[in-house]
Amino acid sequence: MEAFFRTHAYLVEHTNVPVRRTLMDEIDWNDRMIGIKGTRGVGKTTFLLQYAKEKFGAQDRQCLYVNMNNFYFQGKGIAEFAGEFVNNGGKVLLIDQVFKQHNWSRELRKCYDTYRDLKIVFTGSSVMRLKEENPELNNIVKSYNLRGFSFRE
């Protein structure tokens, strides 16, 4: 867990975004399960890190950014990791590239049912059909699309 906190702190400290995405103000951050979809390279990772920096800062251990590309998740599921995070005082788990985890939708549902005080914000591909292909997430996930920059942005 310490390695994840160190990585989180480094990434958040080094996130310098000159433009604040308007989606940041459109999301109801009180929802317990939020999905951010978008095409490759649109800025989903930066968006999560910007949220962590604005709302928590780099050293606040209530928030943690993790990427499912990490080899650690080859042997552990999201729910098991979330339990460990919650036991360490975690409140907001930011999961990047959730679709890289096998059975990710079932794992998210398990987190939702088990850890009532945990909020999860996850990113995925724009082609993910969260509710149609993953009935276990029906009525619990609020989905948003992160698009390319607008002219105003």
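In what follows, the structure referred to is the one given above.
A.B. asks: Please provide a residue-by-residue account of the sheet that holds strand 5 (residues 142–145), values included.
C.D. replies: Pairing in this open sheet of five strands is parallel, and the strands run 2-3-4-1-5 from one edge to the other. Here the strands that pair on one side only, and so sit at the sheet edges, are strand 2 (63–67) and strand 5. Shown here is a sheet whose adjacent strand axes are inclined to one another by a mean of 20 degrees, direction ignored. Helix 3 (residues 44–55) contacts strand 1 (33–38), strand 2, strand 3 (92–96) and strand 4 (119–125) of the sheet and is inclined by roughly 165 degrees relative to strand 3. Against the sheet, helix 4 (residues 78–87) touches strand 2 and strand 3, its axis set at about 145 degrees to strand 3.

A.B. asks: If you had to explain the packing of helix 4 against helix 5 (residues 104–114) to someone new, which residues and values would you point to?
C.D. replies: Helices that pack against each other are described as a pair by the angle of their axes relative to one another and the distance between those axes. Orientation of helix 4 relative to helix 5, taken along the N-to-C sense of each, is 30 degrees, at an axis distance of 8 Å. Between helix 4 and helix 5, the interaxial angle falls into the category roughly parallel. As for the relative orientation of helix 4 and helix 5, their crossing is right-handed in sense. Only W104, E107, L108, K110 and C111 of helix 5 make contact with helix 4, whose side of the interface consists of I78, A79, E80 and A82. For the contact of helix 4 with helix 5, the class distribution of residues is six nonpolar, no polar and three charged.

What counts and what doesn't
Residues numbered from 1 in each chain as written. Predicted model: local features only at pLDDT ≥ 70, side-chain atom pairs only at ≥ 80, totals over all residues. Heavy atoms only, no water. Pairing = 2+ DSSP bridges. Helix = DSSP H or I, 4+ residues; strand = E, 2+ residues; numbered from the N terminus. Axes fitted to C-alpha atoms, helices over the stretch in contact; angles between N-to-C directions. Contact = heavy atoms within 4.5 Å. Parallel < 35°, antiparallel > 145°, perpendicular 65-115°, else oblique. Left-handed = near helix turned anticlockwise from the far one by under 90°. Nonpolar A, V, L, I, M, F, W, Y, C, P; charged D, E, K, R; others polar.

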